[in-house]
Structure formats: structure tokens, C-alpha cells
Amino acid sequence: AAVVGAFKNAHADMAVGSDVIIGFPGETHDEFVSSLSFIREMDFSYIHQFSFSPRRNTPAAAFDGQIEYAEVEHRGAMLRTLSGELSLRYENRFAGKILRSIIELKENTAVSDNYIKFKVTGDIAPEKRGVLTDIVFFKTDAGFSGSLRD
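Residues numbered from 1 in each chain as written. Predicted model: local features only at pLDDT ≥ 70, side-chain atom pairs only at ≥ 80, totals over all residues. Heavy atoms only, no water.

Engineer: Would you take a moment to explain the overall build of the protein for this structure?
Structural biologist: Broken down by element type, the protein carries 3 helices and 7 strands. In terms of overall dimensions, the protein is more spread out than a globule: its C-alpha atoms have a radius of gyration of 19 Å, far above the 15 Å expected for 150 residues. Oriented by its inertia axes, the alpha-carbon framework of the protein measures out at about 60 × 35 × 30 Å. Per-residue burial for the protein yields a buried fraction of 31% across its 150 residues. Contacts in the protein between residues far apart in sequence, at least 24 positions, make up 64% of those at least 6 positions apart. Side chains of the protein give 17 positive and 21 negative charges; the mean places of these two sets differ by 5 Å. (Helix = DSSP H or I, 4+ residues; strand = E, 2+ residues; numbered from the N terminus. Rg over C-alpha atoms; globule rule 2.2 N^0.38 Å. Buried < 20%, exposed > 50% of the residue type's maximum accessible area, 1.4 Å probe, protein only. Contact = heavy atoms within 4.5 Å. Lys, Arg positive; Asp, Glu negative; His and termini not counted. Charge placed at Lys NZ, Arg CZ, Asp CG, Glu CD.)

Quick look at the structure:
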């Protein structure tokens, strides 16, 4: 926690995410709730979420305390909700700002240098694709979009 805090203090706009495995054998409800609290406290920008599923011939498949599928799904829904809230809060900080971004070669989708993925409106010249360019990031009724800076 201290390391994450130090990085975020030194680089306020930096995206900090985490990979989370849900439903690992032996994970109690209280441990899961504690994990949610920690994730909220860290104020991660995004979460990559994975549900544990036993694989044949792996040690974890034989561990005691296997979690029922319905419970793993329930915990997954809770984490997705929290992840969405954290991502939205992070993205809102950049509405109306210029983000250095790369526009994908075939789609009108861009990824900013602080790991925000969004649609880009308007016509995009081929030379603007696949290279860092300035994009004005803005909020819409449907989420976030961007447009090339004039």
C-alpha cells in the first residue's frame, strides 16, 4: 500500500491497476470483503478480474475450500461494480483535458498514455493512426470520447 501511495503521489495522473483472482479455494467471505476494502482504499484506476476455475492436474484444483460457482459469480459481480466505479472516477479526472493517445490502426478507438481506452469521433487521417497524438477527452451521455486536437 505504501509503494502504491508513493507512486501515486509522485505521478498523480498515473494509472494504477491490479489483477484480482476471485474465488480462490479457501477464500472466505470476510477475506473477500477485506479485499474489496483494500481495492477501494488503493483507489485503483482499473481492475483485471479473473474467476478461479480448477484445472486438472494443478495443485489448486485439489485444495480444500473450493468455492461454489454461484458464489464466485456473486463476488465477481460485486468486484465489477467496484471496478466500474473506480474507473469512472479516474476517467472523470481527465474530462476536458488533452490526452496523449494512440489511435488504433483500424478502429476509431484510442488508448491514452495513462491507459484510458475510448472512442474517437470524426474522420481520422491515416497518418494520425498508430502514433502518439493529442486528443481532447470529453464526457458524453454514453461515456467518454475524444476528438483530435486542432
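Engineer: Can you help me understand the sheet that holds strand S3 (residues 98–103) in this one?
Structural biologist: Hydrogen bonds between backbone groups are what pair the strands of a sheet, and the pairing can be parallel or antiparallel. Read once around its circumference, the closed barrel built from 5 strands follows the order S3-S4-S5-S7-S6, with strand pairing classed as mixed. On average, each strand axis in the sheet is tilted by 50 degrees relative to the strand beside it, whichever way the strands run. The pairing of S3 with strand S6 (residues 132–140) spans 5 bridges and is antiparallel. Following the sheet pairing, Ile98 is matched in S6 by Val136. (Pairing = 2+ DSSP bridges. Axes fitted to C-alpha atoms, helices over the stretch in contact; angles between N-to-C directions.)

Engineer: Even after reading the chapter, I still don't get the pattern of salt bridges, so can you show me in this structure?
Structural biologist: Opposite charge on two side chains lets them pair, provided their charged atoms get close. Considering all chains together, one arrives at 7 salt bridges under this definition. A salt bridge links Lys117 to Glu104; its shortest N-O distance comes to 3.6 Å. Of this pair, Lys117 sits in strand S5 (residues 117–120) while Glu104 sits in the loop between S3 and strand S4 (109–112), and the two are 13 residues apart along the sequence. For Arg149, the salt bridge is made with Asp134, and the minimal N-O distance between the two is 3.3 Å. Note that Arg149 is positioned in the segment after strand S7 (143–148) and Asp134 in strand S6, a separation of 15 residues in sequence. (Salt bridge = Lys/Arg side-chain N within 4 Å of Asp/Glu carboxyl O.)

Engineer: Can you walk me through the environment of Ile47 in this structure?
Structural biologist: Its location among the elements puts Ile47 in strand S2 (residues 46–51). Judged by relative accessible area, Ile47 falls into the buried class, the value being 11%. On a C-alpha basis, the gap between Ile47 and Ser18 in space is 5.1 Å, while along the polypeptide they are 29 residues apart. In this view, Ile47 contacts Ser18, Val20, Ile39, Leu79 and Ser83; residues no more than four positions away in its chain are not counted.

Engineer: Looking at this structure, how should I read unusual backbone geometry?
Structural biologist: With the exception of glycine, most residues fall at negative phi, and the peptide bonds are largely trans. Phi is positive for Asp43, close to 55 degrees, though the residue is something other than glycine. Here Asp43 is to be found in the loop between helix H2 (29–42) and S2. Here Tyr115, not a glycine, exhibits a phi torsion of approximately 70 degrees, which is positive. Within the secondary structure, Tyr115 is located in the loop between S4 and S5. The class for Tyr115 is partly exposed, based on a relative accessible area of 46%.

Engineer: Whenever I open this one, the nonpolar core confuses me. Can you help?
Structural biologist: Among soluble globular proteins, nonpolar side chains are generally buried collectively. Grouped together as the largest cluster of nonpolar side chains are 14 residues, with contacts concentrated most on Val20, Ile22, Ile39, Phe44, Ile47 and Leu79. Broken down by secondary-structure element, the contributors of at least two residues to this core are strand S1 (17–22), H2 and helix H3 (69–92). One finds Ile103, Ala110, Phe118 and Val120 within the second-largest nonpolar core, a separate group that totals 13 residues. (Core = buried A, V, L, I, M, F, W, Y, C linked by side-chain atoms within 4.5 Å.)

Engineer: Would you mind showing me how to read the side chain of Arg129 here?
Structural biologist: Position of Arg129 among the secondary structure elements: in the loop between S5 and S6. For the buried Arg129, which has no salt bridge, the nearest side chain bearing the opposite charge is Glu104, at an N-O separation of 7.5 Å. Among the polar contacts listed, one links the side chain of Arg129 to the backbone oxygen of Glu107, at a separation of 2.9 Å. Not counting chain neighbours up to four residues away, the residues in contact with Arg129 comprise Ile103, Glu104, Leu105, Lys106, Glu107, Asn108 and Ile124. (Polar contact = N/O pair within 3.5 Å; in protein donor to acceptor, adjacent residues only side chain to side chain.)

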